[in-house]
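These are the residues of each chain, in order.
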Amino acid sequence: MSAAAIACDPTRLRVRVSGAVQGVGFRPYVYGLAKRYGLVGFVVNDPEGVTIEVEGNWAAEFVAALRLEAPPLARIDEICVHQTAALGTKDFSVTTSQAGRLSTRIVADAATCEQCLSELFDPENRHYLYPFISCSHCGPRYTIAERLPYDRRNTVMKAFSLCAACAADYADPASRRFHAEAIACPTCGPRLSHGINAIVAAIAGGQIVAVKGLGGYQLLCDARNQRAVQRLRSRKQRPQKPFAVMVGSIAQVNEIAEANGPELALLESSARPIILLPTRNDLAPAIAPGLSRVGVMLPLAPLHHLIFHELRSTAAWLAGPGPVIVATSANPSGEPLLIDNAQARRRLEGIADLIVTHDREILTRADDSVMSVVAGRPQFIRRARGYVPEPTRLARSVPPVLAVGGALKSTVTITRGNEAFVSQHIGDLDTAEGLRAFEETIRHLTSTLDVEPVVIAHDLHPNMASTRFAEASGRTLIAVQHHHAHAAAAIAEHGHAGPALALVLDGHGFGCDGGNWGGELLLCEGSRFRRIGHLAPLQMPGGDRAAREPWRMASAVLHRLGRGNEIGPRFAAQRQAERVPALLDRQGGATTTSAGRLFDAAAALLGVASLQSYEGEAAMKFEALVRRTAILEAGWTIERGVLSLRPLFSRLIADDLDAADGAGLFHGTFAAACIDWVTHAARRTGVSTIVLSGGCFLNAVLAEEIDRGCRSAGLTPLVPRQLPPNDGGLSLGQAWIAALRITNSRQP
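The following refers to the structure shown. (Residues numbered from 1 in each chain as written. Predicted model: local features only at pLDDT ≥ 70, side-chain atom pairs only at ≥ 80, totals over all residues. Heavy atoms only, no water.)

**Structural notes on the environment of Glu617**
Here is step 1: Tracing the chain through its elements places Glu617 in helix H21 (residues 617-624).
Here is step 2: Counting along the chain gives 14 residues from Glu617 to Ala603, while the straight-line C-alpha distance between them is 9.8 Å.
Here is step 3: Dropping the residues within four chain positions of it, Glu617 is found in contact with Gln240, Leu611 and Gln612. (Helix = DSSP H or I, 4+ residues; strand = E, 2+ residues; numbered from the N terminus. Contact = heavy atoms within 4.5 Å.)

**Observations concerning the packing of aromatic side chains**
Here is step 1: Scanning the entire structure with this criterion turns up twelve aromatic pairs.
Here is step 2: Note on Tyr31 and Phe178: the rings are 5.5 Å apart at their centroids and 65° apart in plane angle, and the pair reads as edge-to-face. Residue Tyr31 is found in helix H2 (residues 26-36), and its partner Phe178 is found in the loop between helix H5 (164-171) and helix H6 (196-204); the two are separated by 147 residues along the sequence. The same class applies to Tyr31 as to Phe178, namely buried.
Here is step 3: Plain terms: the ring middles of Trp551 and Phe571 are 6.1 Å apart, the flat faces sit at 45° to each other, and that makes the pair tilted. With Trp551 in helix H17 (residues 550-560) and Phe571 in the loop between helix H18 (567-570) and helix H19 (580-585), the pair connects residues that are 20 residues apart, well separated along the chain. Both residues of the pair, Trp551 and Phe571, belong to the buried class.
Here is step 4: Just above the ring of Trp517 sits the side chain of Arg531; from NZ or CZ to the centre is 3.8 Å. (Phe/Tyr/Trp six-rings, centres within 6.5 Å; stacked < 30°, edge-to-face > 60°. Buried < 20%, exposed > 50% of the residue type's maximum accessible area, 1.4 Å probe, protein only. Lys NZ or Arg CZ within 6 Å of the ring centre and 35° of its normal.)

**A look at the sheet that holds strand S6 (residues 209-212)**
Here is step 1: Spatially, S12-S6-S7-S11-S8-S10-S9-S13-S14 is the arrangement adopted by the nine strands of the open sheet, whose pairing is mixed. Strands with a single pairing partner mark the edges of an open sheet, and in this sheet they are strand S12 (354-356) and strand S14 (377-382). Adjacent strand axes in the sheet meet at a mean angle of 35° when their direction is disregarded.
Here is step 2: Where strand S9 (residues 274-278) and strand S13 (residues 370-374) come together, two bridges link them in parallel fashion. Bridge assignment links Ile274 to a residue of S13, and that residue is Val370. (Pairing = 2+ DSSP bridges. Axes fitted to C-alpha atoms, helices over the stretch in contact; angles between N-to-C directions.)

**Remarks on the pattern of salt bridges**
Here is step 1: Tallying each qualifying case throughout the model produces 41 salt bridges.
Here is step 2: Note that Glu335 is salt-bridged to Arg347, the shortest N-O span being 2.5 Å. Here Arg347 lies in helix H12 (residues 341-347) and Glu335 lies in the loop between strand S11 (324-329) and H12, a separation of twelve residues in the sequence.
Here is step 3: On the basis of relative accessible area, Glu335 is assigned to the buried category, the value being 17%.
Here is step 4: Several salt bridges converge on common partners, so that one network encompasses Arg12, Arg14, Glu53 and Glu55. (Salt bridge = Lys/Arg side-chain N within 4 Å of Asp/Glu carboxyl O.)

**Here we look at the packing of helix H15 (residues 482-494) against helix H25 (residues 730-746)**
Here is step 1: Contact geometry for H15 and H25: axes closest at 7 Å, N-to-C directions at 85°. Relative to H25, the element H15 is oriented roughly perpendicular. Two secondary-structure elements touch here, H15 through His482, His484, Ala485, His486, Ala488, Ala489, Ile491 and Ala492 and H25 through Leu730, Leu732, Gly733, Gln734, Trp736, Ile737 and Arg741.
Here is step 2: When its residues are assigned to classes, the contact of H15 with H25 shows nine nonpolar, five polar and one charged. (Parallel < 35°, antiparallel > 145°, perpendicular 65-115°, else oblique. Nonpolar A, V, L, I, M, F, W, Y, C, P; charged D, E, K, R; others polar.)

**Here's the deal with the layout of surface pockets**
Here is step 1: Computed from the structure, the second largest pocket encloses a volume of approximately 440 Å³.
Here is step 2: Looking at the second largest pocket, it is lined by 20 residues, and the ones nearest its centre are Arg75, Ala271, Gly386, Tyr387 and Glu390.
Here is step 3: Within the lining of the second largest pocket, the residues separate by chemical class into ten nonpolar, five polar and five charged. (1 Å grid on protein atoms, 1.4 Å probe; cavity = no way out; pocket = protein on both sides within 12 Å on 5 of 7 lines; lining within 4 Å. Points joined across faces, edges and corners; volume = space filled by probe spheres on them.)

**Section: empty space enclosed by the protein**
Here is step 1: Under the defined criterion, the tally for this structure stands at seven cavities of 30 Å³ or more.
Here is step 2: The volume enclosed by the largest cavity comes to roughly 160 Å³.
Here is step 3: What lines the largest cavity is a set of 21 residues, and nearest its centre among them are Pro131, Leu214, Ala301, Pro302 and Arg360.
Here is step 4: Considering each element in turn, the lining of the largest cavity owes the most residues, three residues, to helix H10 (residues 302-311).
Here is step 5: Class assignment of the residues belonging to the lining of the largest cavity gives a composition of 13 nonpolar, six polar and two charged.
Here is step 6: In this structure, the second largest cavity spans a volume of roughly 130 Å³.
Here is step 7: Lining the second largest cavity are 20 residues; nearest its centre among them are Gly23, Val24, Gly25, His179 and Glu181.
Here is step 8: Residues of the lining of the second largest cavity, tallied by class, amount to ten nonpolar, seven polar and three charged.

**Some thoughts on the nonpolar core**
Here is step 1: Grouped together as the largest cluster of nonpolar side chains are 71 residues, with contacts concentrated most on Leu503, Leu505, Phe649, Phe666, Phe670 and Ile706.
Here is step 2: For this core, the element with the most residues is helix H23 (residues 659-685), which contributes twelve residues.
Here is step 3: With residues up to four places along the chain from it excluded, the contact list for Leu503 reads Glu520, Leu521, Cys674, Trp677, Val678, Val691, Leu692, Ser693, Phe697 and Ile706.
Here is step 4: Counting residues in hydrophobic clusters, the runner-up holds 43 residues, among them Tyr217, Leu232, Ala271 and Ala286. (Core = buried A, V, L, I, M, F, W, Y, C linked by side-chain atoms within 4.5 Å.)

**Structural notes on unusual backbone geometry**
Here is step 1: The peptide bond linking Val388 to Pro389 adopts the cis configuration, its omega dihedral lying at 15°.
Here is step 2: Residue position: Pro389 is located in the loop between S14 and strand S15 (392-398).
Here is step 3: Positive phi, close to 55°, is recorded for His179, a residue that is not glycine.
Here is step 4: In this fold, His179 is placed in the loop between H5 and H6.
Here is step 5: A positive phi is found at Ala634, a non-glycine position, where the angle reads about 55°.
Here is step 6: Note on placement: Ala634 falls in the loop between H21 and strand S25 (637-639).
Here is step 7: Judged by relative accessible area, Ala634 falls into the exposed class, the value being 62%.

**Here we look at the sheet that holds strand S17 (residues 413-422)**
Pairing between sheet strands relies on hydrogen bonds along the backbone, with the strands arranged either parallel or antiparallel.
Here is step 1: The five strands are arranged S15-S17-S16-S18-S19 in an open sheet whose pairing can be described as mixed. Edge strands, defined here as strands with exactly one partner in the open sheet, are S15 and strand S19 (476-480). Strand-to-strand twist across the sheet, computed as the mean angle between neighbouring axes with direction ignored, equals 30°.
Here is step 2: In this sheet, strand S18 (residues 455-459) lies alongside strand S16 (residues 401-403) in parallel orientation, the contact comprising three bridges. Within S18, the position partnered with Leu402 by the bridge is Ile456.
Here is step 3: Taken strand by strand, helix H13 (residues 432-449) contacts S16 and S17, and its axis lies near 160° from that of S17.
Here is step 4: Of the strands in this sheet, S18 and S19 are in contact with helix H14 (residues 465-472), which crosses S18 at around 155°.

**A few points about the environment of Asp658**
Here is step 1: Residue placement: Asp658 occurs in the loop between helix H22 (646-652) and H23.
Here is step 2: Asp658 sits 111 residues away from Ala547 along the chain, and the two C-alpha atoms are 24 Å apart.
Here is step 3: With residues near it in sequence (within four places) discarded, Asp658 still touches Leu606 and Arg627.
Here is step 4: Within polar-contact distance, the side chain of Asp658 engages the backbone nitrogen of Asp661 at 2.7 Å. (Polar contact = N/O pair within 3.5 Å; in protein donor to acceptor, adjacent residues only side chain to side chain.)

**A short note on the packing of helix H20 (residues 595-605) against H23**
Here is step 1: Here H20 crosses H23 at 155°, and the two axes come no closer than 11 Å. On the basis of the axis angle, H20 is roughly antiparallel to H23. Seen along the crossing, H20 lies across H23 with a hand that is right-handed. From H20, Ala595, Leu598, Phe599 and Ala602 reach across to H23, where they touch Phe666, His667 and Phe670.
Here is step 2: Grouping the constituent residues of the contact of H20 with H23 by class yields six nonpolar, one polar and no charged. (Left-handed = near helix turned anticlockwise from the far one by under 90°.)

Structure representation (structure tokens):
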């Protein structure tokens, strides 16, 4: 109904607001707005979002202002207005939430707002130095909610009875904490097991501290103390994988890294993600060995602000540069983030010197989100705290589907109507703890959304843990090929309806022929795809070991170039090197079309990394060497859709090429080859929309070069923005393909 029509008939209006409007201070906002316009009625949380009834002459202005002045964390999808009979109500009230089948949602946890920070350090305020201060605009949401509607009784905060002062704030429409469900104070709220002074003394003394954060436990130590960082690496069994660091303020970021406007804006956003930034090398060398970027974040919880406030006053940091602390997930290597107090004390005893707990329970683990800015736009590397459970809007309403993703960087997706809810990053599913976290996430997301899936979508790989879970469920199953799912995730995110070419550059995926795919050119339309090209297959001596030992892929390249006799001398430090040529001479061994393995091979040939202690290590260190890119003329061939980089590899092993020049040449030539590849395919098929996805697109150099090259060629690239291009986005693609197949099967 239009505002003009409303103004002509000042009767009672029923206003339904859908979207992320629970747990964001929307009801107190509506209350204040109604009072401003002299209206009577009520506002209530209900299964669909928020229902408002207003009565008075200024109802039209009220409805018009609803969207314009909404609270900062609110996301309004739709406002529906209907006239109803006037009741002659005398006041405006906030009423008890209604039960029923849910179609609303909750917002993500949010960093401490400026108003709460001001109170945190105000000696006259009753929240002075209280590490659990929050209000309607900040604090925990998703991680403490049991179910919807988002009321205190449906969160872990029901364990804390409000004191008189908090109860007064909660009931006062003029208070910023009016119906703020996580409201607490030192009198009635959660408490830390240790004081801030003890935490700071441990960090300043070179010790490792585990603290319970918003979405799970974190490990903290002095990021400039090489011994402390090395000790953390040893105890956590994480020899090379980079650590993120936290600085106390936005002004301090440029002391340790280079940051532009978009990067600084992301750092300061309420989600408080980790942002990868070019490092100034002003930290302990062990923070990010061999890499040119460091993950940086700002304080997100009151506890972090209190730690930095106290650190800045200690002798170690009074005269020198500001404090910087490592802030990394508190979990034994390869296992999910810890959230339970008893488990944390048990599992972290040999890692942390001090374990700081508190008595506010975490129901849903949510690791820190990780992002970078590529080609001027944000790109997810890991999507979790601060962004989940914000949904992806789909082009149409679809049946309810559960998609269980892959085995690495696992996420799950549930569809509801025209929304797809992708879970937080769960992690790898190769441990019992990882599988438990995976199943817990499915139960919580299904319950919170009040959805009963009609099918489960899963990866084509028969031995994947997520596939076995799907098969054991007893539900109808739909298998989706790995790289098709990568492409479909971007297609679903962008709402693209027509055909699209997909350049998927990835590490590993089970192919339709049972082979090891990973560098694919697909023609996608609707729920189907056709493989129209791939990278030239390369042997994998040792099978899966070749993915962990780049020297093996380099050996396969040397063998392909007819230089197998160089394998032993070049990789003499590897005990198996002398045996590999004979292994490569045999026919019938494992082969791969993986783009990731090509990066491994190039890195090993140029002496960057022969072994890997974490996934993508060789490729990341190889990318870090790039000063500028170059293109080797005739550095590739394309025959019958097969792209070969054999000429490029012949040049990379020349004696006059150092590692940095080789890195620039490889990245530039590979990008140019891919642009040539997709351009030819676009001409042949008449399809000019190009999906760019797969784990290799986390490489900023490659991603920028290919994106720019596609645009220069008149093509339209679709790049993942709401989800990572790696396996973290896989479940969305699976869900979209499965939903399309169900819809198509129901059509006459």
